[in-house]
Amino acid sequence: MYVQPTKRNAAGLVGSALVLLFLFLSFSSRAQEIDLLLKGGHVIDPKNNIDSNMDVAIKDGKIVRVAADIPAGSAKKTVDVKGLYVVPGLIDMHAHVFYGTTPDAYIANAYTSVQPDGFTFRAGVTTVVDAGSSGWRNFRTFKSQTIDRSQTRVLALLNIVGTGMASRFEEQDFSDMNPVMTANMIKRMFPKHIVGIKAAHYWGDYSQVQKAVEAGKLADVPVMVDFGEHKPPLSIEKLFKEYLRPGDIFTHTYANGPTERETVVDENGKVKPFVLEVQKKGLIFDVGHGGGAFSWKQAIPAMKQGFKPNVISTDLHTDSMNGGMKGLDNVISKFLNLGMSLPDAILRATWAPAQVIKRPELGSLTVGSEADVAVFNLRKGDFGYLDVRKLVLKGDKKLEAELTIHAGKIVWDLNGLSAEETVSFK
């Protein structure tokens, strides 16, 4: 029997419909608890011993889940990364990004440094460590001018010279190497941003290193040493055993300038025994490729004999970016073609540098950590890799950044993987 609806009945039906709609929307909101889901990729996360096919879920800029077969319906946005490698955002532990226009300056507030955002995300890098471009006298300028204005996370090693890398001349000013002021700038002023100390380009004896290590002890941070430009070369065995501490960093490991810098591989192609000895005791060996500090003559025999770098980095600046170095993805590719496994290489550009600079919150896909993620394609083909002497190594592997995510935000998308729609041109 048909009953004519009354106003009361109609109101009740509308109310019930609104309740159902509210419940549906509430359920849908709870179901889509993930902002971004990377689905179907091969996850490599050395800190958490993950090397398998898994999905990565991101919400509110944080990693919220890493697991197999996370339902796509639980995410507001899903990106299919099947066939690709999903890794923590890379950390480039040796770069120069104190870009500026000071006349006649070298790297400090100068043209030789680069603006970080133009060279990081495209290589899968989300964090750079500026390696001593600034000292305690000009770090505030570096912070306000570069660190505070960059999307890339920029940390720093503070130069033991107060004016930083203003020029080779200023870098010889022993009177401006002040451990107390350097340590105070780190511990009292900018502990969030400064993660270590740099000693470089000194023409004298071991005195600059001694000052840097003194500051490192006061601030409880590691020291990175660029130990070239001594004529005749000073002993690196003495440097390693008498001056540096476990956790300190020797950079430009595979440089080959034997008239100014003692090499790790001798003239007969053998890794010097004390090099392996000090590495086992905790000294950190950093690639620091640069424009003049990576030679196949050193790297090939070293890798064949099992001497691997602890950290893979670029020494990014204008003299390296368009030469043999190019970017951190390219430097990692070189080591893949020297026989290093992909998980081993990713370790040396993520969790390993995070530990060296004492930033355990970086370099992994740990649940709760900031969502810095890189998605790579490992291409197969015929590729060539230059060292700084323009010698080419032929290889069949090349790492290429497809997608970079920083703090949950997509900041690099090479081929439009994250696009909502496609268009055609016919």
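Here's what I pulled together on the structure shown here. None of these values were measured; they are calculated from a predicted model. Note on numbering: residues in each chain are counted from 1, in written sequence order. The predicted nature of this model means local features are confined to residues of pLDDT at least 70 and side-chain atom pairs, given and counted, to a pLDDT of 80 or more, with totals for whole chains, interfaces and linings taken over all residues. Calculation of side-chain values draws on the structure's entire complement of heavy atoms; hydrogens and water are dropped beforehand.

### Side note on the environment of Leu158
Heads up, the rule is: Where helices and strands are cited, they refer to DSSP runs of H or I of at least four residues and of E of at least two residues respectively, numbered from the N terminus. Contact definition: two residues touch when any of their heavy atoms are within 4.5 Å.
As for its position among the elements, Leu158 is in strand β10 (residues 153-159). On a C-alpha basis, the gap between Leu158 and Met224 in space is 9.8 Å, while along the polypeptide they are 66 residues apart. Apart from residues no more than four positions distant in its own chain, Leu158 is found in contact with Ser134, Gly135, Trp136, Phe139, Thr182, Met185, Ile186, Ile194, Gly196, Ile197 and Lys198.

### Here's the deal with the sheet that holds strand β2 (residues 42-45)
Note on sheets: strands pair through backbone hydrogen bonds, and any given pair is parallel or antiparallel. Let me state the cut-off plainly: Being paired, for any two strands, means DSSP has found at least two bridges between them. Interaxial angle, 0 to 180 degrees, is taken between N-to-C directions of lines fitted to C-alpha atoms, where a helix line uses only the stretch in contact.
In spatial order, the strands read β3-β2-β7-β15-β16-β17; together these six strands make up an open sheet with mixed pairing. Both edges of this open sheet fall to β3 (50-53) and β17 (409-413), since each of them pairs with a single strand only. In this sheet, adjacent strand axes meet at a mean angle of 30 degrees when their direction is disregarded. Across two bridges, β2 lies against strand β7 (residues 85-88) in parallel orientation. The partner of His42 across the bridge, within β7, is Tyr85.

### A few points about the pairing of strand β11 (residues 194-200)
Applied cut-off: Relative accessibility decides the category of a residue: with a 1.4 Å probe and only protein chains considered, values under 20% of the type maximum give buried, values over 50% give exposed, and everything between is partly exposed. The path from the first strand over the helix to the second decides the hand: if it runs clockwise while the strands point away from the viewer, the crossover is right-handed.
Burial of β11 is extensive: seven of the seven residues sit out of reach of the surface. In this structure, β10 lies alongside β11, joined through four bridges in parallel fashion. Counted as the bridge partner of Leu158 is Ile197 from β11. Considered for its hand, the β-α-β crossover made up of β10, helix α3 (residues 179-189) and β11 is right-handed. One ladder, built from four bridges, connects β11 with strand β12 (residues 223-226); its direction is parallel.

### Some words on helix α4 (residues 207-219)
Rules: Under the convention used throughout, the expected extent of a helix is 1.5 Å for every residue step, that is, one less than its residue count.
With 13 residues, α4 should reach 18 Å at 1.5 Å per residue; the first-to-last C-alpha distance of 19 Å fits that figure. If you check which residues of α4 are buried, you get Ser207, Gln208, Val209, Ala212, Val213, Ala215, Gly216 and Ala219. Taken together, the buried residues of α4 touch α3, β11, β12 and α5 (236-243). Within two residues after α4, Asp220 carries a phi angle of roughly 60 degrees, on the positive side.

### A short note on the nonpolar core
Basically, it comes down to this: In plain words, nonpolar cores are sets of buried Ala, Val, Leu, Ile, Met, Phe, Trp, Tyr and Cys residues tied together by side-chain atoms within 4.5 Å.
Among the nonpolar cores identified, the biggest contains 85 residues, and Phe139, Leu239, Phe240, Ile312, Ile332 and Phe335 are the most heavily contacted of them. If we ignore the near neighbours within four places in the chain, the residues touching Ile332 are Leu90, Ile312, Ala345, Ala349 and Leu399. Ile58, Val79, Val375 and Ile405 belong to the second-largest nonpolar core, a separate cluster that totals 18 residues.

### Let's talk about the packing of α3 against α4
Note the cut-off: Here is the rule for handedness: rotate from the far helix to the near one, and if that takes an anticlockwise turn smaller than a right angle the crossing is left-handed, while a clockwise turn gives right-handed. When residue character is reported, Ala, Val, Leu, Ile, Met, Phe, Trp, Tyr, Cys and Pro are called nonpolar, Asp, Glu, Lys and Arg charged, and the others, Gly included, polar.
Here α3 crosses α4 at 35 degrees, and the two axes come no closer than 8 Å. Where α3 crosses over α4, the two elements pack in a sense that is right-handed. Residues Pro179, Val180, Thr182, Ala183, Ile186 and Lys187 of α3 form the contact with α4, whose participating residues are Lys211, Glu214, Ala215, Leu218 and Ala219. Looking at the contact of α3 with α4 residue by residue, the classes come out as seven nonpolar, one polar and three charged.

### With respect to the packing of α5 against helix α6 (residues 273-280)
The relative placement of two packed helices is expressed as an angle between their axes plus a distance between the axes. Condition: Any angle between 65 and 115 degrees counts as roughly perpendicular, while under 35 counts as roughly parallel, over 145 as roughly antiparallel, and the rest as oblique.
With their axes 10 Å apart at the nearest point, α5 and α6 run at an angle of 25 degrees to one another. As the angle between them shows, α5 and α6 are arranged roughly parallel. Considering the relative orientation of α5 and α6, their crossing is left-handed. Mapping the contact onto sequence places Ile236, Glu237, Phe240 and Lys241 in α5 and Phe274, Val275, Glu277 and Val278 in α6. Of the residues that constitute the contact of α5 with α6, the class distribution is five nonpolar, no polar and three charged.

### Focus: the side chain of Ser150
Heads up, the condition is: In protein, a polar contact requires one atom able to donate a hydrogen and another able to accept it; more generally it is a pair of N or O atoms within 3.5 Å, and residues adjacent in sequence count only if both atoms are side-chain atoms.
With respect to the helices and strands, Ser150 occurs in the loop between α2 (139-145) and β10. A distance of 2.6 Å separates the side chain of Ser150 from the backbone oxygen of Thr146, its partner in a polar contact. In this view, Ser150 contacts Pro116 and Asp117; residues no more than four positions away in its chain are not counted.

### Section: the side chain of His201
Locating His201 in the fold gives a position in the loop between β11 and α4. Taking the relative accessible area as the measure of exposure, His201 reaches 7% and is therefore buried. Separated by 2.8 Å, the side chains of His201 and Glu171 make a polar contact. Among the polar contacts listed, one links the side chain of His201 to the side chain of Asp226, at a separation of 3.1 Å. When residues no more than four places from it in sequence are discounted, the contact partners of His201 are Tyr106, Met165, Arg168, Glu171, Gln172, Asp226 and Glu229.

### What about the pairing of strand β4 (residues 55-59)?
Most of β4 is tucked away: four of the five residues are buried. Across three bridges, strand β1 (residues 34-39) lies against β4 in antiparallel orientation. Residue Leu36 lies in a different strand from β4, and its bridge partner there is Ile58. Alignment of β4 against strand β5 (residues 62-67), held across five bridges, turns out to be antiparallel. Looking across to β5, one finds that Asp55 is bridged to Ala67. Where β4 hands over to β5, the hairpin turn is made up of two residues, of which Asp60 adopts a positive phi near 50 degrees.

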